[in-house]
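Chain by chain, the residues run as shown.
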Amino acid sequence: MSTIRTPWPEPLETLWIVLGDQLDPDHPLFEQADPAHDAVWMAEVSEESTKVWSHKARIALFLSSMRHFAQQVSAQKIALCYTTLSETDNKGALDAQLKFDCQRMQPKRLAMVWPGEWDVLKSIQDTADALSCPLLLLPDEHFLSTPEDFRHYASGRKQLRMEFFYRQMRVRHHVLLDEAGGPEGGQWNFDHDNQGAFSKHGPGSVAPPMHFAPDALTADVLALVEDQFEHHPGSLAHFDWPVTPQQAQLALDDFIQHRLECFGQYQDAMWIDPCQDLPYLYHSRLSAALNLKLLNPRQVIQKAEAAYRSGRVSLASAEGFIRQILGWREYVRGIYWLYMPAYRHQNALCANAPLPSFYWSAKTDMACLQAAIRQSLDYGYAHHIQRLMVTGLFALLLGVHPMAVHRWYLAMYVDAVEWVELPNSLGMSQYGDGGIMASKPYIASGNYINRMSNACKQCRYDPAVRLGENACPFTTLYWAFLINHETSLMKNPRMGMQVRNLQRIEQSEKQAILQQAQKLRDTLTCTSADVV
Ligand code: FAD
Ligand code: SF4
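Only a predicted model underlies this, so the values are computations on that prediction, with no experimental measurement involved.

Regarding helix 13 (residues 315-339)
The terminal C-alpha atoms of helix 13 lie 34 Å apart, and with 25 residues this matches the ideal 36 Å at 1.5 Å per residue to within 8%. For helix 13, the principal kink sits at R323 and spans about 35°. Where burial is concerned, most of helix 13 is hidden: 21 out of the 25 residues are buried.

Shown next as structure tokens:
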């Protein structure tokens, strides 16, 4: 596809800006834009792919979905100014490209839906100011709550917790309520039913998610990404993501029909199968379609609830899944807009180590990390527990700077957009915000990974051992973390048991743990390849 510049109406009333994560089939422009007076502006800017060292599949997914959306705009006979990557002017920056096009097109005003990223909002506002062009910002109707709702919810509360926000959202949107208006099944949360591990036989025959073979437009994008981003991490070999709203609907229906029933029970489980890749297990892999707005979260929630009401899935599964979308997804967005821009610079634990180079190559002898990173490079996907309790946990225990961790997550996953990635990585996973997202640091030894997966059976280390040749690095670093942060952790009632266990260890052994942990840090971070 070459750059499209269809003749635009002159004079041009409104130039509608559509960003790569605003590809909503119900975008307000389809209702409000007047083809006789308005035009749509979209741009593939290389900055988006290079400000972090983006996975090839992440770049391809955005570009392919944008190009499919552009077709939808053209089909509505609305003038389109779409700049492709091959246009090298304006140094690949969004604001420079917008300024350049506005100077040629001379719109009377700009309009857009509220962007997902703080920096993008600022740069577009600054550009509009510099051009003396009014900017109309429309609320983002994709979400079920607004940043103002969240600010209101947060005001006056000493501590923010997702659970209470989620309950309010359930009531406000009438989701999974009984006839009396209470929680369906008498409880709000079935989390205790959602922490199962697979038996020693593994996950059994999980129906693979629906596969979307690249059409001609996507095939062009894949070739372009291979050509222009050859040295970026990851592979395109498995690229089969939904790139249109129609495909996203099919992916949703397929998930509800085949995997939702087991989602709840095995939400936290991990499995390495030496004979076949099982990246998605019982997960929905809908995050990318949701974040690009190909899929509306209301439909996802309604269909999951309908599956429960019709007896096709259990309440625990439906609730566990709905909680992720109506609870966590909305909650992290609220946190993002409440605390940005300062949030990004928080580093409550004063962590400052660089990210080990194996995060970009999967070259490590730790079987759990090797599998999670290999899968991320191959698919641009890892499920929540792989992110939180394998790659995230190791970075936390090693003391990696939260900014380096943030940049890795933003680069690595097809669903990565800052408003959801940053609170999850810097907050939930690294405790960099000192407890805004999570009430305690998510720390565990190798024993947790052993309980939730079969990785340790394939590893040269022993998850139960903290000292010596066979000691699992997670386990050594876990105890070192407790020793190093004992004073502050003691003040947290949720850390009581872990701190009491630490206090049973002899001083001489603590010294040996700290020495072994330091050795690990020296070895693992000496070949750091932070691409920051
Ligand atoms: P499922 O397990 O099927 O869950 C269903 C849906 O719930 C997801 O599609 C997602 O939309 C939503 N969801 C689940 N957990 C969360 C959560 N913690 N926060 C927000 N939404 C959630 N999610 C992203 O969408 N983009 C990111 O960049 C991202 N980065 C993350 C980084 C870290 C360190 C961690 C711990 C989590 C991150 N998550 C991110 C949240 C979560 O891991 C992914 O949403 C999920 O793994 C996507 O896979 P799935 O669609 O199969 O999800
Ligand atoms: Fe990971 Fe430790 Fe288990 Fe090896 S022994 S797979 S490093 S948790």
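Some remarks on the sheet that holds strand 2 (residues 14-17)
With respect to topology, six strands assemble into an open sheet ordered 1-4-3-2-5-6, the strand pairing being mixed. Across the chains shown, the open sheet's two edge strands, defined by having one partner strand only, are strand 1 (4-5) and strand 6 (135-138). Here two bridges tie strand 1 to strand 4 (residues 79-83), and the two strands are oriented antiparallel to one another. Residue R5 lies in a different strand from strand 4, and its bridge partner there is C81. Its contacts with the sheet put helix 4 (residues 94-105) on strand 1, strand 2, strand 3 (39-43), strand 4 and strand 5 (109-113), and the angle it makes with strand 3 is roughly 150°.

With respect to the site of ligand 2
Every residue near ligand 2 is listed here: M366, C368, G446, I449, A455, C456, C459, Y461, P463, C472 and F474. The residue inventory of the shell around ligand 2, partitioned by class, reads 10 nonpolar, one polar and no charged.

Focus on the packing of helix 14 (residues 367-379) against helix 15 (residues 384-398)
It is the contact of helix 14 with helix 15, at a shortest axis distance of 10 Å, that shows an interaxial angle of 115°. With respect to each other, helix 14 and helix 15 are oriented roughly perpendicular. The two elements helix 14 and helix 15 meet at a crossing, and its hand is left-handed. For the pair helix 14 and helix 15, the contacting residues are C368, L369, A372, I373 and Q375 in the first and Q386, V390, T391 and F394 in the second. Of the residues assigned to the contact of helix 14 with helix 15, the class counts are six nonpolar, three polar and no charged.

Observations regarding the nonpolar core
Grouped together as the largest cluster of nonpolar side chains are 155 residues, with contacts concentrated most on M42, L369, F394 and F474. A per-element tally of this core places helix 13 first, with 12 residues. Beyond its immediate sequence surroundings of up to four residues, F394 is in contact with F358, Y359, M366, L369, P473, F474, L477 and L524. Of all hydrophobic cores here, the second largest spans 20 residues; its members include L12, I17, M105 and I124.

As for the environment of L467
Locating L467 in the fold gives a position in the loop between helix 18 (446-452) and helix 19 (473-484). By relative accessible area, which is 30% here, L467 ends up partly exposed. Those residues in contact with L467 that sit more than four places away from it in its chain are E509, A512, I513 and Q516.

A closer look at the site of ligand 1
In the vicinity of ligand 1 lie 30 residues, with H283, S284, R285, N291 and Y381 positioned nearest. The side chain of N291 places a nitrogen or oxygen atom 2.8 Å from an oxygen atom of ligand 1. Note that a nitrogen atom of ligand 1 is positioned 3.4 Å from one of the side-chain N or O atoms of R387. Contact with the protein chains hides 99% of the accessible area of ligand 1, taken as 820 Å² for the molecule alone. Put simply, the parts of the chain that give the shell around ligand 1 at least two residues each are helix 11 (287-291), helix 13, helix 15 and helix 17 (418-429). For the shell around ligand 1, the residue count by class is 15 nonpolar, 10 polar and five charged.

Quick notes on helix 15
For helix 15, built from 15 residues, the straight-helix expectation of 21 Å at 1.5 Å per residue is met to within 8% by its first-to-last C-alpha distance of 20 Å. The largest bend in helix 15 comes to about 40°, at G392. Here helix 15 lies mainly inside the structure; 14 of its 15 residues are buried. Taken from the residues just after helix 15, G399 is the one with a positive phi, measuring 85°.

Comments concerning the pairing of strand 6
As paired elements, strand 5 and strand 6 share four bridges and run parallel to each other. Bridging across to strand 6, A111 finds its partner in L136. The β-α-β motif built from strand 5, the intervening helix 5 (residues 118-131) and the parallel element strand 6 has right-handed crossover chirality.

Thoughts on the packing of aromatic side chains
Throughout the structure, instances matching the rule amount to 31 aromatic pairs. Taking 5.5 Å as the distance between ring centres and 75° as the angle between the ring planes, the aromatic pair formed by F150 and Y331 counts as edge-to-face. You can see F150 sitting in helix 6 (residues 147-154) and its partner Y331 sitting in helix 13, a full 181 residues away along the chain. On the basis of relative accessibility, which here comes to 0%, the residue Y331 falls in the buried class. By way of ring pairs, the aromatic residues F358, Y359, F394, W408, Y409, Y413 and F474 are connected into one cluster. For the cation-ring pair, R285 lies above Y280, with the distance from its terminal atom to the ring centre recorded as 4.8 Å.

Description of the side chain of R259
In this fold, R259 is placed in the loop between helix 9 (245-258) and helix 10 (260-263). With relative accessibility at 1%, the residue R259 sits in the buried group. Reaching out from R259, the side chain makes a polar contact with the backbone oxygen of A207 at a distance of 3.0 Å. Once you skip the residues sitting within four places of it in the chain, R259 turns out to touch V206, A207, P208, P209, D254, L281, Y282 and H283.

The rules behind these values
Residues numbered from 1 in each chain as written. Chains lettered and ligands numbered in written order. Predicted model: local features only at pLDDT ≥ 70, side-chain atom pairs only at ≥ 80, totals over all residues. Heavy atoms only, no water. Helix = DSSP H or I, 4+ residues; strand = E, 2+ residues; numbered from the N terminus. Expected span 1.5 Å × (residues − 1). Bend = angle between axes of the 7 residues up to and from the residue. Buried < 20%, exposed > 50% of the residue type's maximum accessible area, 1.4 Å probe, protein only. Pairing = 2+ DSSP bridges. Contact = heavy atoms within 4.5 Å. Axes fitted to C-alpha atoms, helices over the stretch in contact; angles between N-to-C directions. Near = heavy atom within 4 Å. Nonpolar A, V, L, I, M, F, W, Y, C, P; charged D, E, K, R; others polar. Parallel < 35°, antiparallel > 145°, perpendicular 65-115°, else oblique. Left-handed = near helix turned anticlockwise from the far one by under 90°. Core = buried A, V, L, I, M, F, W, Y, C linked by side-chain atoms within 4.5 Å. Polar contact = N/O pair within 3.5 Å; in protein donor to acceptor, adjacent residues only side chain to side chain. Areas by Shrake-Rupley, 256 points an atom, 1.4 Å probe, with all protein chains shown as cover. Right-handed = clockwise from strand over helix to strand, strands pointing away. Phe/Tyr/Trp six-rings, centres within 6.5 Å; stacked < 30°, edge-to-face > 60°. Lys NZ or Arg CZ within 6 Å of the ring centre and 35° of its normal.

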